[in-house]
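Reading the structure
Single-letter residue listing:
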Amino acid sequence: MSAPVRVRFAPSPTGFLHVGGARTALFNWLHARHTGGTFVLRIEDTDRERHNEEAVRAIYDGLRWLGLDWDEGAGKGGDYGPYYQSERGPVYERYLKILQDKGMIYEDAGALRFRSPRETVTVHDEVCGSIPFDLSNPGTHPDMTVRRPDGSWIFHFVNVVDDIEMKITDVIRGEDHLSNTPKHIELYKAFGAEPPRFAHIPLILNPDGTKMSKRDKGASVQGYVEQGYAPEAVRNYLCLLGWSPKDNREILPIGEIVKIFELKNINRRSAGFDLDKCFWMNGQYLIHMPLERFADLSLPFIEKAGIAYGTRDALLPALALVKEKVKHLTDVPGWIEFFFNDDYAYDEASVTKALRSEGALERLHVLGDRLTRVEPWTAESIESAFKDLAATLGIKTAALVHPARVAATGRSVGPSLYHLLELLGRDRVLARFTRTRDKFAA
RNA sequence: GACCCUAUCGUCCAGCGGUUAGGACACCGCCCUUUCACGGCGGUAACACGGGUUCGAAUCCCGUUAGGGUCGCCA
């Protein structure tokens, strides 16, 4: 009965991928994957100048980062190309001819306009329902221009032509196009083509309810890459903007979302982007992901920070210790730096609090002495040593823990102390204690 | 201005004629704890307003208000 689903994401190459666009792409992708259909990428560069590679790359990179692979289209090929509008001039000429032959085109000040049939057109939308639009009044609904005097094409025209030519069955796009849709349907009818199913999804707004544009915080997908978000977290968060599984689940594997995603379950209300929640979700993903994945994602940030970690194998134990602490991948270097640098810096506030207090250095000395006898050198026996010594000295364990942490890492916050000491190894720990006492004895 | 869409905690989402209006983020307590987190427990907090319809409305209808969108020789 119904033809296989073909959806498309048709961004114009502005130099970056907007989260709103990414969300539109995501919903198209979900619908394609859910139905076993085809996801097409078309670049809408109708501007006079040809598309520039860098701007197109930003779109590719953003989509790939989010794991939204396309089956056909720009950078991929397929049977309905070319997939750059700037290369489709002949197709548009052909379609224009069809309308001209039917007498539906007229010239106006050098531009070409499509003569509206002036009827009521009902948009049947998968998420908005059926909406009749009365286009009878030329005053409020002027005939649309399809081509400028300089020969360049107008979006509405080429968009429809391409969707027909590329056999798009489902047009899933932002709600900002809802009011344009009746005009598009007029075009479909004029071409004698069956209009696709439409699904207009609510827009993403800023936290203050205003429209999210380029400049706004969190607007660019690239920003999430740079700030250390896991793509699966951002993708999951985006899924929840306007769609939900209806059962209060929020963190869902993408495979599960693909399985249960339905256009009909998209709501009609614009959603404000909640960076806090996205941030929280990122932390959740980081905590629960496999160590290897965490390492893959962390590596670029570690390298950028210039940490001499040696081999990946040497890195893993340190990452394992900090994985559940990290909220942003950008924080990873700061959390593990001391493992790979014996000449770590001391945080002044931490030093003041933990090392300059009465008897702190003396306790550190006693502790170091005690640690020489810990056998085996494991977190467990190290912990016992701390507790035994504290009991012997009649002090709280914390009175040993804090100086030890600052001595060994230079900071007062970090991963589990006993595990961190174990990983560092006895020799390095004792050397650090000594170094610390020498440095702050005076 | 005209037309279209929308309206539940601060935010996101659930609810689709009868619920103590539910979950999540954020926030506030308490617990866990060597720090910071994680986690656990509890709390504050919402049906925009006014009319209908109905035995009964967050749920249906109308209006008002508010927000958003579209009315381009932008995409």
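So, here's what we can say about the structure. Residue positions are given per chain, counted from 1 along the sequence in the order it is written. As they are written, the chains are lettered A onward and the ligands numbered 1 onward, keeping that order. The predicted nature of this model means local features are confined to residues of pLDDT at least 70 and side-chain atom pairs, given and counted, to a pLDDT of 80 or more, with totals for whole chains, interfaces and linings taken over all residues. Side-chain figures throughout are based on the complete set of non-hydrogen atoms in the structure, without hydrogens or water.

Topic: the sheet that holds strand E8 (residues 145–147)
The strand order across the open sheet formed by three strands is E4-E5-E8, and the pairing between neighbours is antiparallel. The open sheet is flanked by strand E4 (105–108) and E8, the only strands paired with a single partner. When the angles between neighbouring strand axes are averaged without regard to direction, this sheet yields 45 degrees. Note on pairing: two strands pair once DSSP finds at least 2 bridges between them. In DSSP terms, a helix is any run of H or I states spanning at least four residues, a strand is any run of E spanning at least two, and both are numbered starting from the N terminus. Note that strand E5 (residues 111–114) and E8 share two bridges and pair antiparallel. Across the sheet, the residue bridging to Leu112 is Arg147, located in E8. Helix axes use the C-alpha atoms of the stretch in contact, all axes being lines fitted to C-alpha atoms, and the angles between their N-to-C directions lie in the range 0 to 180 degrees.

Observations regarding the packing of helix H14 (residues 360–371) against helix H15 (residues 379–393)
Across the interface, H14 lies against H15 with an axial gap of 10 Å and an inter-helix angle of 135 degrees. Between H14 and H15, the angle falls in the class oblique. Regarding H14 and H15, the two cross each other, and that crossing is right-handed. Facing H14, whose interface residues are Val366, Leu367, Arg370 and Leu371, H15 presents Ile382, Ala385, Phe386, Asp388 and Leu389. Amino acids outside the nonpolar list (Ala, Val, Leu, Ile, Met, Phe, Trp, Tyr, Cys, Pro) and the charged list (Asp, Glu, Lys, Arg) are all regarded as polar, and Gly is one of them. In terms of residue class, the contact of H14 with H15 is built from seven nonpolar, no polar and two charged. Oblique is the label for any angle not under 35 degrees, not over 145, and not in the 65 to 115 range, which are roughly parallel, roughly antiparallel and roughly perpendicular in turn. By definition, any crossing whose near helix is turned counterclockwise from its far helix by less than a right angle is left-handed, and any crossing with a clockwise turn is right-handed. The contact rule is simple, with two residues in contact once any of their heavy atoms fall within 4.5 Å.

Brief notes about the protein's contact with RNA strand B
Near RNA strand B you find 60 residues, and of these Arg148, Glu250, Arg268, Arg269 and Lys325 are the closest. Being near a molecule or strand, for a residue, comes down to having at least one heavy atom within 4 Å of it. Counting only atoms of RNA strand B within 4 Å of the protein, the sugar-phosphate share comes to 73%. Under this definition, polar contacts are N or O atom pairs within 3.5 Å; protein pairs additionally need one hydrogen-donor-capable and one acceptor-capable atom, and for neighbouring residues in sequence, both atoms have to be side-chain atoms. For RNA strand B, a sugar or linking oxygen lies 3.4 Å from a polar atom in the backbone of Asp176. Sorting the residues of the surface near RNA strand B by element identifies E5, strand E7 (129–134), helix H4 (155–165), strand E12 (271–272), helix H9 (275–288), helix H16 (398–409) and helix H17 (417–424) as the ones contributing at least two each.

Remarks on the pairing of strand E2 (residues 38–41)
Here strand E1 (residues 6–9) runs beside E2; their pairing, made up of four bridges, is parallel. Residue pairing in the sheet places Val7 in a bridge with Phe39 of E2. By the bridge criterion, two bridges tie E2 to strand E3 (residues 72–73) in an arrangement that is parallel. For Leu41, the partnering residue across the bridge sits in E3 and is Gly73.

Notes on H16
With 12 residues, H16 extends 16 Å between its outermost C-alpha atoms, agreeing within 8% with the 16 Å of an ideal straight helix rising 1.5 Å per residue. Along H16, the positions that sit buried rather than exposed are Leu400, Val401, Pro403, Ala404, Arg405, Val406, Ala407, Ala408 and Thr409. Where H16 is buried, its residues touch helix H12 (332–340), helix H13 (348–354), H14, H15, H17 and helix H18 (426–441). Expected helix span is taken as 1.5 Å per residue step, with the number of steps being one fewer than the number of residues. Think of it in three bands: residues with accessible area under 20% of the maximum for their type are buried, residues over 50% are exposed, and the middle band is partly exposed, with areas taken using a 1.4 Å probe on protein chains only.

As for the pattern of salt bridges
Should a side-chain nitrogen of Lys or Arg be within 4 Å of a carboxyl oxygen of Asp or Glu, the pair is scored as a salt bridge. Per the counting criterion, the structure on display carries 30 salt bridges. Two residues, Lys277 and Glu250, come together in a salt bridge whose shortest N-O distance is 2.8 Å. Linking Lys277 in helix H9 with Glu250 in the loop between helix H7 (231–239) and helix H8 (254–260), this pair joins segments that are 27 residues apart in sequence. On the basis of relative accessible area, Lys277 is assigned to the partly exposed category, the value being 28%. The closest approach of N and O atoms between Glu256 and Lys259, which form a salt bridge, is 3.8 Å. Here the residue Glu256 and the residue Lys259 both occupy positions in helix H8, the gap between them amounting to three residues, near one helical turn. Note on Lys259: relative accessible area 58%, which makes it exposed. By sharing partners, the salt bridges in this structure join Arg8, Arg42, Glu44, Arg88, Asp162 and Asp163 into a single network.

Some remarks on unusual backbone geometry
For the bond running from Gly81 to Pro82, omega is -5 degrees, close enough to zero to count as cis. Within the secondary structure, Pro82 is located in the loop between E3 and helix H3 (89–101). A cis amide bond links Glu375 to the next residue, Pro376, at an omega of -10 degrees. In this structure, Pro376 sits in the loop between H14 and H15. The backbone of Arg118 shows a phi angle near 60 degrees, a positive value even though the residue is not glycine. With respect to the helices and strands, the residue Arg118 is situated in the loop between E5 and strand E6 (120–125). The phi torsion at Lys246 lies on the positive side, around 75 degrees, for a residue other than glycine. Mapped onto the elements, Lys246 comes out in the loop between H7 and H8.

Overview of the nonpolar core
Put simply, a nonpolar core is a bunch of buried Ala, Val, Leu, Ile, Met, Phe, Trp, Tyr and Cys residues held in one set by side-chain atoms that sit within 4.5 Å of each other. Counting residues in each nonpolar core, the largest one holds 145 residues, and the members touching the most others are Phe157, Phe191, Ile336, Leu371 and Phe386. Sorting elements by how many residues they give to this core places helix H1 (residues 19–35) first, with eight residues. In contact with Ile336, not counting residues within four places along its chain, are Ile302, Ile307, Leu315, Ala318, Leu319 and Val322.

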